[in-house]
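Structure assessment
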Amino acid sequence: QSALTQPASVSGSPGQSISISCTGTSSGVGSYNLVSWYQRHPGRAPKLMIYEVTKRPSGVSNRFSGSKSGNTASLTISGLQAEDEADYYCSSYVNAATVVFGGGTKLTVL
Amino acid sequence: EVQLVQSGAEVKKPGESLKISCKGSGYYFTTYWIAWVRQMPGKGLEWMGIIFPGDSDTRYSPSFQGQVTISADKSINTAYVQWSSLKASDTALYYCARTLGNVNSDAFDIWGQGTKVTVSS
């Protein structure tokens, strides 16, 4: 299964909003509302930030939001904070109980 | 506290076998799917496969089918991934993660701390 396509890096200043895209295929992202986003700080395990395209797990800030249009999902972080600097990965259910991840996006808070 | 605790780092030689573990606690281990995820040095995350500890129903990524074996022992709340003959390319950080939903879910809400596997002659 091909990995999902994410930009290698994005950046923004504190207080700004940024979006990270995640492009898949019509048989994956485009077919199911099963897209998740993970935050990963260096040396730490990934943390689930968004699931089922738009849902936030308990305890995740409402500054994080997800959306999807066609074969592309997006993660938006509003009111950027220094602590948001991390790697972000998207994932999607594809088919036959298979999941693919994106290549990851490094977020730099300037 | 809900947690997954993985076994420690391993250093192995090519051709050797290995089994790493992931022990769950703080929840009903047999009722959640457990996934295994690989991260090779400098690379992104790769989904390897998934197991339901309740009945050991297992699914594999096509990329990992035949390369690893995923198993579970529900009596001790532990999932495993094993290799019969390691290769240098198996050098990676391996995570186990609890699936939030059913077998078709890509949402992993609890992660182990990761097990670093180094394969070198």
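Check the entry above for the structure.
Here is a short report on the structure shown in this document. (Residues numbered from 1 in each chain as written. Chains lettered and ligands numbered in written order. Predicted model: local features only at pLDDT ≥ 70, side-chain atom pairs only at ≥ 80, totals over all residues. Heavy atoms only, no water.)

**Structural notes on the overall build of chain B**
Across its full length, chain B holds zero helices and 11 strands. Shown N-terminal to C-terminal, the secondary structure of chain B runs as helices and strands in the order β-β-β-β-β-β-β-β-β-β-β. Its C-alpha radius of gyration of 13 Å places chain B within 12% of the 14 Å reference for a compact globule of 121 residues. Considering only C-alpha atoms, chain B reaches an extent of 40 × 25 × 25 Å along its principal axes. Within chain B, the proportion of its 121 residues that are buried is 48%. Pairs at least 24 apart in sequence give 54% of the contacts found in chain B among residues at least 6 apart. One finds the centroid of the 11 positive side-chain charges in chain B at a distance of 5 Å from the centroid of its 10 negative side-chain charges. (Helix = DSSP H or I, 4+ residues; strand = E, 2+ residues; numbered from the N terminus. Rg over C-alpha atoms; globule rule 2.2 N^0.38 Å. Buried < 20%, exposed > 50% of the residue type's maximum accessible area, 1.4 Å probe, protein only. Contact = heavy atoms within 4.5 Å. Lys, Arg positive; Asp, Glu negative; His and termini not counted. Charge placed at Lys NZ, Arg CZ, Asp CG, Glu CD.)

**Points about unusual backbone geometry**
If you check the backbone angles, Glu52 of chain A has positive phi at about 45° while not being a glycine. Relative to the elements of secondary structure, Glu52 of chain A occurs in the loop between strand E4 (47-50) and strand E5 (64-69).

**Considering the pattern of salt bridges**
Residues and elements named next belong to chain B. Under the criterion given, the structure shown has five salt bridges over all chains. The partner of Glu46 in a salt bridge is Arg38, and the shortest N-O contact between them spans 2.9 Å. Residue Glu46 is classed as partly exposed on the basis of its relative accessible area of 26%. A salt bridge links Asp109 to Arg98; the shortest N-O distance between them is 2.7 Å. Placement of the pair is Asp109 in strand E10 (residues 108-111) and Arg98 in strand E9 (residues 92-99), with a sequence separation of 11 residues. In this structure Asp109 comes out as partly exposed when scored by relative accessible area, which is 23%. Among the residues examined, Arg98 registers a relative accessible area of 7% and is labelled buried. (Salt bridge = Lys/Arg side-chain N within 4 Å of Asp/Glu carboxyl O.)

**Some points on the nonpolar core**
Counting 25 residues, the largest nonpolar core has Leu4, Ile20, Ile34, Trp36, Met48, Val81 and Trp83 of chain B as the members making the most contacts within it. If you look at the next biggest cluster of nonpolar residues, it comprises 24 residues, including Val53, Ala86, Tyr88 and Val94 of chain A. (Core = buried A, V, L, I, M, F, W, Y, C linked by side-chain atoms within 4.5 Å.)

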